Every structure is written in structure tokens, then in C-alpha cells.
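# Geometric and topological summary
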Amino acid sequence: MRNLKLLILSLLTAASLFVNCAGNSKIIVSPNFKKQVLINAALALVIEDAVPEVVYQGNHQRALGRGDVEKLAQNYFKKRLIIDLSKEVDVSGAFLPSAKHRYLAVKEAVTYDHKTVTIEIPAAGTNFQFDSTKADLVLILSKIRIGTQTADYYENRVKHGINTTGQHLIYTANFVLWDNRTNQYICYGRVKSLVPVRREEAVIAEWEELSQQFVRTIFEPTGFLKKKK
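Residues numbered from 1 in each chain as written. Predicted model: local features only at pLDDT ≥ 70, side-chain atom pairs only at ≥ 80, totals over all residues. Heavy atoms only, no water.

Okay, the pattern of salt bridges next. Within the structure shown, the criterion is met by 6 salt bridges. The salt bridge involving Arg80 is made with Glu208; its shortest N-O contact spans 3.7 Å. Here Glu208 lies in helix α5 (residues 204-219) and Arg80 lies in helix α3 (residues 69-88), a separation of 128 residues in the sequence. In this structure Arg80 comes out as buried when scored by relative accessible area, which is 13%. (Salt bridge = Lys/Arg side-chain N within 4 Å of Asp/Glu carboxyl O. Helix = DSSP H or I, 4+ residues; strand = E, 2+ residues; numbered from the N terminus. Buried < 20%, exposed > 50% of the residue type's maximum accessible area, 1.4 Å probe, protein only.)

When the terminal C-alpha atoms of α3 are compared, their 27 Å separation across 20 residues agrees well with the 28 Å that a helix rising 1.5 Å per residue should span. Within α3, burial applies to Val69, Ala73, Gln74, Tyr76, Phe77, Arg80, Leu81, Ile82, Asp84, Leu85 and Glu88. (Expected span 1.5 Å × (residues − 1).)

We now examine the side chain of Asn174. Topologically, Asn174 is positioned in strand β8 (residues 168-179). Residue Asn174 is classed as buried on the basis of its relative accessible area, which comes to 3%. At 3.4 Å, the side chain of Asn174 and the backbone oxygen of Thr118 are in polar contact. Those residues in contact with Asn174 that lie beyond four places of it in its chain are Val117, Thr118, Ile119, Ile140, Leu141, Ser142, Lys143, Gly189 and Arg190. (Polar contact = N/O pair within 3.5 Å; in protein donor to acceptor, adjacent residues only side chain to side chain. Contact = heavy atoms within 4.5 Å.)

Moving on: the packing of aromatic side chains. Within the structure shown, the criterion is met by 12 aromatic pairs. Pairing Phe77 with Phe214 gives two aromatic rings, centres 6.1 Å apart and planes at 65°, and the pair type is edge-to-face. Of the two residues, Phe77 sits in helix α3 while Phe214 sits in helix α5, which places them 137 residues apart along the sequence. Residue class for Phe77 comes out buried when judged on its relative accessible area of 0%. Seen in terms of ring centroids, Tyr171 and Trp207 are 6.4 Å apart; in terms of plane orientation they differ by 55°. Their pairing is tilted. Highlighted residues: Tyr171 in strand β8 and Trp207 in helix α5, separated in sequence by 36 residues. For the pair Tyr171 and Trp207, a shared accessibility class is recorded, and that class is buried. What links up through ring pairs into an aromatic cluster is the set Tyr56, Tyr76, Phe77, Tyr171, Trp207 and Phe214. (Phe/Tyr/Trp six-rings, centres within 6.5 Å; stacked < 30°, edge-to-face > 60°.)

Right, let's get into the nonpolar core. Counting 43 residues, the largest nonpolar core has Leu85, Leu139, Leu141, Trp207 and Phe219 as the members making the most contacts within it. Counting residues per element, the ones that place at least two in this core are β2 (42-47), α2 (61-64), α3, β7 (137-149), β8, β9 (184-196) and α5. With 7 residues, α3 is the largest single contributor of residues to this core. For Leu141, the contacting residues outside a window of four places in its chain are Leu45, Val46, Ile47, Glu48, Asp49, Phe77, Leu81, Asn174, Phe175, Phe214 and Ile218. Within the second largest apolar cluster, 18 residues are counted, among which are Tyr112, Ile121, Phe130 and Val138. (Core = buried A, V, L, I, M, F, W, Y, C linked by side-chain atoms within 4.5 Å.)

Across 8 bridges, strand β5 (residues 105-112) lies against strand β6 (residues 115-122) in antiparallel orientation. Note on β6: the bridge partner recorded for Ala109 is Thr118. (Pairing = 2+ DSSP bridges.)

Written out as C-alpha cells, the structure reads:
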């Protein structure tokens, strides 16, 4: 019986690693994209959603503090992304513009996670102008979801007597990575990041892992990620 439990645990752990790595993201890279060396490049993070969606189950205080979970999660999402974009991507820094930006857009359908989403890509030739800082790259996010998700295979772990919270932290979003030097898109798609909540309550290290994974998933196809030392 003990050996059977160990076998089930091993198989479920392997499945967990596969799902976490795969993430069900869909990224389309421009056929015209050619990597150029980024020298002192700045990246602007443009969030199109006025209020990103938050769906969170469980206690959030240990990681995010006391208060309204929606506001806390939205603020954390933005602040931590700026940190991770600066840390993980080969740019001199990242910033979050305060003003909204209007631009002509082309709509593209992307099949993602067994459904189709529509992503708005700036029209070719669009150049983003910001008040205080010139941006070489612009990362546009929309249709954002932040929070938790229960996975079926974690429910199976509970049925077999294996202790687990049954929860993942999750980020999902439509994105467009825009080259503000050549005025065309680099890549676009729908990105999904999952990190298991390993104890009864999520901790800040798991939120940090989620944000880092989200950034690296978007930038992996571009060659713009910093090399690990």
C-alpha cells in the first residue's frame, strides 16, 4: 500500500512539473523579427485593463498583507512585474506610464487553451510616446486574471491521501511585445503562468516565482532574457 502511494505521488509530481512548465501559453512571433542588441534600452509596461480581474480563494494576508485582496493583488502584480522586467530582461530599466494610450489596432484571433481569444495589436507604424521616458520596447497587457486556480490532478492527490492545498497561483493575460524602434510587433499571444501553493497559505516567494515565470514565458522566444550567471 505504501509503495502504491509513493508511485501515485511520483506520477502526480511529474504531472505537476509538466503542467507548470507548459502553462498552456500561446505565443506568435513576427516572421519579420530579427533580434537587435539592446543597449541602454528602456521598456514601458502598458496595462490596458482599468481594473485587472482578481479571483482569489484562501487567505492572502501572509503574502500580501491586510486589506482588500483585489487591490492588494492588483498593486502587487504591477509593482513586481516592473521589478522582474528589469531583472530578467536585458534592458536598462522598466517603467509604468501613468497615461492611457490610444492607437489604431488590428485584431488577431489566437486559439488558446481550447478556446479562441482576440488580441488587439497596434497597427504597423505606431510609435508610443511617453512624457518622461523614451521606450525602446513596449509590453502591452490586457484581459488580465490574477489569483488562484484549483487543478484536477491536485484534487486527485487529496483523494489518495496526499496532503496538498489543491491551489495554484495564476496569472493569465493577452500581451503584445512592441518594438518602438522599428514600430512593429515582436510577438503577441496569451500567456498563462501557474505556481502551486505548497502550504495552507500562499507565501511571498510563490508570488515572486509566479511573476518571474510570467515574464520569462513572454520573453523566452525573443532572446532578450538576461543570461543566468
